[in-house]
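Given next are the chains, with one letter for each unit.
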Amino acid sequence: CRNHDLEYRMIAADGRAVWVRDIVTVISENGRAVTLRGILMDITARKEAEAQVRRLVAFPELNPNPVLELAADGRLIYQNQAAMALCQSLGCPDFASLFPSECPQIVRQCLATGQPRLPVETTHGNQTLSWSFYPIPSLNTVHCYVGDITERLKLEEQ
């Protein structure tokens with residue numbers, strides 16, 4: 001017996017392009033194929049879900065703005081490259097040291113009420129950061145976005 005497991009696109013009878021998984025078992029006798037047994041499954045929904053996951057993963061990863069995710073206790077569990085770059089530009093050893101001091105309370109409040117908290121401003125040397133916290137109740141996490149608003153504040157002051 002030899003198994004072949006392939007995934008490919010084909011055109012269905014109604015003209016739609018669909019993804020299929022084709023599993024074929026070749027049954028041999030004396031080295032000759034005598035029977036083929038196969039299963040053809042429509043996996044279009046799975047392929048579409050996989051593409052959606054790739055899009056969703058790319059959004060925070062490639063976002064030019066800092067994107068963070070916080071656990072229910074306020075711990076940092078995700079930061080994108082832009083967040084790490086902001087941290088480095090401010091000379092901080094890690095992003096957690098930049099968080100507002102009341103960050104754990106903000107996270108708990110966001111999850112308890114289901115309401116975002118914004119803006120929260122902090123100052124680091126000559127830089128001012130503006131924080132926005134958005135609860136994601138289904139994941140029991142809070143997404144956090146941060147921006148350097150120093151230049152905007154200077155312009156407003158003028």
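This write-up is about the structure you can find in this document.

How each quantity is defined
Residues numbered from 1 in each chain as written. Predicted model: local features only at pLDDT ≥ 70, side-chain atom pairs only at ≥ 80, totals over all residues. Heavy atoms only, no water. Helix = DSSP H or I, 4+ residues; strand = E, 2+ residues; numbered from the N terminus. Rg over C-alpha atoms; globule rule 2.2 N^0.38 Å. Buried < 20%, exposed > 50% of the residue type's maximum accessible area, 1.4 Å probe, protein only. Contact = heavy atoms within 4.5 Å. Areas by Shrake-Rupley, 256 points an atom, 1.4 Å probe, with all protein chains shown as cover. Lys, Arg positive; Asp, Glu negative; His and termini not counted. Charge placed at Lys NZ, Arg CZ, Asp CG, Glu CD. Core = buried A, V, L, I, M, F, W, Y, C linked by side-chain atoms within 4.5 Å. Pairing = 2+ DSSP bridges. Axes fitted to C-alpha atoms, helices over the stretch in contact; angles between N-to-C directions. Patch = residues over 30% accessible without salt bridge, like charges linked within 9 Å, V, L, I, M, F, W, Y side chains within 5 Å. Salt bridge = Lys/Arg side-chain N within 4 Å of Asp/Glu carboxyl O. Disulfide = S-S within 2.5 Å. Polar contact = N/O pair within 3.5 Å; in protein donor to acceptor, adjacent residues only side chain to side chain.

1. Points about the overall build of the protein
When helices and strands are counted, the protein shows four helices and eight strands. Secondary structure elements of the protein occur, N-terminal to C-terminal, as β-β-β-α-β-β-α-α-β-β-β-α. Compactness check: the protein gives a C-alpha radius of gyration of 26 Å against a globular reference of 15 Å for 158 residues, more than 25% above the reference. Along the three orthogonal principal directions, the C-alpha set of the protein runs to about 85 × 35 × 35 Å. By residue count, 32% of the 158 residues in the protein fall in the buried class. Contacts spanning at least 24 positions in sequence make up 32% of the contacts within the protein whose residues lie at least 6 apart. Element-wise, carbon and sulfur atoms account for 53% of the exposed surface of the protein, whose accessible area totals about 10,400 Å². One way to put it: in the protein the 15 positive side-chain charges average out to a point 10 Å from where the 18 negative ones average out.

2. Considerations on unusual backbone geometry
Here Leu-118 and Pro-119 are connected by a cis peptide whose omega angle stands at -25°. Among the structural elements, Pro-119 can be located in strand β6 (residues 117-124). In the Ramachandran plot, Asn-140 falls in the positive-phi region, its phi being about 55° despite a non-glycine side chain. Relative to the assigned elements, Asn-140 resides in the loop between β7 (127-136) and β8 (141-148).

3. Describing the environment of Glu-61
Position of Glu-61 among the secondary structure elements: in helix α1 (residues 44-62). Residues Glu-61 and Arg-152, spaced 91 residues apart in sequence, show a C-alpha to C-alpha distance of 26 Å. Not counting residues within four places of it along the chain, the set of residues in contact with Glu-61 comprises Tyr-78 and Asn-80.

4. A few points about the nonpolar core
Across soluble globular proteins, you tend to see nonpolar side chains buried next to one another. The biggest cluster of nonpolar side chains holds 21 residues, and the ones touching the most others in it are Leu-68, Phe-95, Trp-131 and Phe-133. Top contributing element to this core by residue count: helix α3 (residues 103-113), with five residues. Discounting chain neighbours no more than four positions away, the residues touching Phe-95 are Leu-68, Leu-76, Gln-79, Ala-83, Leu-86, Cys-87, Trp-131 and Val-146.

5. Remarks on the sheet that holds strand β3 (residues 32-42)
Within the open sheet, the three strands sit side by side as β1-β2-β3. Their pairing is antiparallel. Each having just a single partner strand, β1 (2-11) and β3 make up the two edges of the open sheet. Within this sheet the neighbouring strands show an average axis-to-axis angle of 25°, counted without direction. By the bridge criterion, 10 bridges tie strand β2 (residues 17-29) to β3 in an arrangement that is antiparallel. Opposite Ile-27, over in β3, you have Thr-35 as the bridge partner. Contacts from α1 reach β1, β2 and β3 within the one sheet, and its direction differs from that of β2 by about 120°.

6. Some remarks on a nonpolar patch on the surface
Nonpolar side chains collect at one region of the surface, where Leu-118, Tyr-134 and Tyr-145 lie side by side and expose about 250 Å² of accessible area between them. Mapping Tyr-134 onto the fold places it in strand β7.

7. Looking at the state of the cysteines
Under the defined criterion, the tally for this structure stands at zero disulfides. Cysteine Cys-87 is unpaired, with the sulfur of Cys-92 as its nearest cysteine sulfur at 5.0 Å. As a non-bridged cysteine, Cys-144 has Cys-103 as the owner of its nearest cysteine sulfur, 6.5 Å distant.

8. Section: the side chain of Thr-150
With respect to the helices, strands and loops of the structure, Thr-150 is situated in helix α4 (residues 150-157). In terms of polar contacts, Thr-150 uses its side chain to reach the side chain of Gln-127, at 3.4 Å. A polar contact of 2.8 Å, which involves the side chain of Thr-150, links it to the backbone nitrogen of Thr-128. In contact with Thr-150, other than residues within four places in its own chain, are Asn-126, Gln-127 and Thr-128.

Scope: geometric values only; no functional claims are made or implied.
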